[in-house]
Amino acid sequence: MRVVVQRAKNASVTVKGEQTGAIDHGLVCLVGFTEGDGEEEIRHLAEKLVHLRIFEDDEGKMNRSLLDVGGAILSVSQFTLYGDCRRGRRPSFMAAARPEVAEALYQQFNRQLESHGVRVETGIFGAMMQVELTNDGPVTLILERTSDH
């Protein structure tokens, strides 16, 4: 499981001209799954994400978590995080979880985030989406957890 995390001042996702999710302050999370991902990876990364100290305190140090600042999450499914570009010029997505598996994992991940008291906005799984954000900092991190840890 991979999550690209971007600290955002605001963000939104649009599908076919209609906004499906928006946040004012928090994190944009691009979320991808691979074979073998399951409950343990989801639980671990959701817990890590909501407690990750990447928001500034009064001294300007990254010392506050999403929970500390009362931020929200814009969660966007992103199978291309498992694109393999090592050979040729067209990415291979063989490492990405099958859509029916990934969708269930994605929904479970969002519910796990919500269980921490975080508001979660989303795009639509499998749809062509336009994501807009004002990256704050910019701060962008990659979180990863594999089934073999």
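See the structure shown above.
The following paragraphs examine the structure supplied in this document. (Residues numbered from 1 in each chain as written. Predicted model: local features only at pLDDT ≥ 70, side-chain atom pairs only at ≥ 80, totals over all residues. Heavy atoms only, no water.)

1. Focus: the overall build of the protein chain
The secondary structure content of the protein chain amounts to three helices and eight strands. For the protein chain, the N- to C-terminal ordering of α and β elements is β-β-β-α-β-β-α-β-α-β-β. Here the C-alpha radius of gyration of the protein chain, 15 Å, is about what a compact globule of 149 residues would show, namely 15 Å. Along the first, second and third principal axes, the C-alpha atoms of the protein chain reach 45 × 40 × 30 Å. Counting across all 149 residues of the protein chain, residues that qualify as buried make up 42%. Contacts in the protein chain between residues far apart in sequence, at least 24 positions, make up 73% of those at least 6 positions apart. Of the accessible surface of the protein chain, which amounts to about 8700 Å², a share of 46% is contributed by carbon and sulfur atoms. Averaging the coordinates of the 17 positive side-chain charges in the protein chain and doing the same for the 22 negative ones gives two points 6 Å apart. (Helix = DSSP H or I, 4+ residues; strand = E, 2+ residues; numbered from the N terminus. Rg over C-alpha atoms; globule rule 2.2 N^0.38 Å. Buried < 20%, exposed > 50% of the residue type's maximum accessible area, 1.4 Å probe, protein only. Contact = heavy atoms within 4.5 Å. Areas by Shrake-Rupley, 256 points an atom, 1.4 Å probe, with all protein chains shown as cover. Lys, Arg positive; Asp, Glu negative; His and termini not counted. Charge placed at Lys NZ, Arg CZ, Asp CG, Glu CD.)

2. Some remarks on the side chain of Ser-12
For Ser-12, the position within the fold is in strand 1 (residues 2-15). The exposure class of Ser-12 is buried, given its relative accessible area of 12%. Apart from the residues lying within four places of it in its own chain, the contact partners of Ser-12 are Gln-19, Gly-21, Ala-22, Leu-74, Gln-130, Val-131 and Glu-132.

3. Quick look at the environment of Asn-10
Tracing the sequence through the fold places Asn-10 in strand 1. Its relative accessible area of 35% is what places Asn-10 among the partly exposed residues. If near-sequence neighbours (up to four positions away) are discounted, Asn-10 is found in contact with Ile-23, Asp-24, Glu-132, Leu-133 and Thr-134.

4. Notes on the nonpolar core
Ranked by size, the top nonpolar core spans 27 residues in total, and within it Val-3, Leu-27, Phe-33, Leu-49, Ile-73 and Phe-109 carry the most contacts. Elements with a minimum of two residues in this core: strand 1, strand 3 (26-32), helix 1 (39-51), helix 3 (99-114) and strand 8 (130-144). Sequence-distant contacts of Leu-49, that is, excluding residues within four places in its chain, are made with Val-5, Leu-27, Cys-29, Ile-73, Phe-109, Leu-113 and Leu-143. Leu-30, Ala-72, Leu-74 and Val-76 belong to the second-largest nonpolar core, a separate cluster that totals 13 residues. (Core = buried A, V, L, I, M, F, W, Y, C linked by side-chain atoms within 4.5 Å.)

5. Focus: the pattern of salt bridges
Two side chains bearing opposite charge may form a pair once their charged atoms approach each other closely. Counted by the stated rule, this structure contains seven salt bridges. Residue Arg-145 pairs with Glu-40 through a salt bridge whose shortest N-O separation is 3.0 Å. Here Arg-145 is found in the segment after strand 8, whereas its partner Glu-40 is found in helix 1, with 105 residues between them in sequence. Among the residues examined, Arg-145 registers a relative accessible area of 16% and is labelled buried. With a relative accessible area of 37%, Glu-40 lands in the partly exposed category. The closest approach of N and O atoms between Arg-119 and Glu-121, which form a salt bridge, is 3.0 Å. The exposure class assigned to Arg-119 is partly exposed, which follows from its relative accessible area of 42%. (Salt bridge = Lys/Arg side-chain N within 4 Å of Asp/Glu carboxyl O.)

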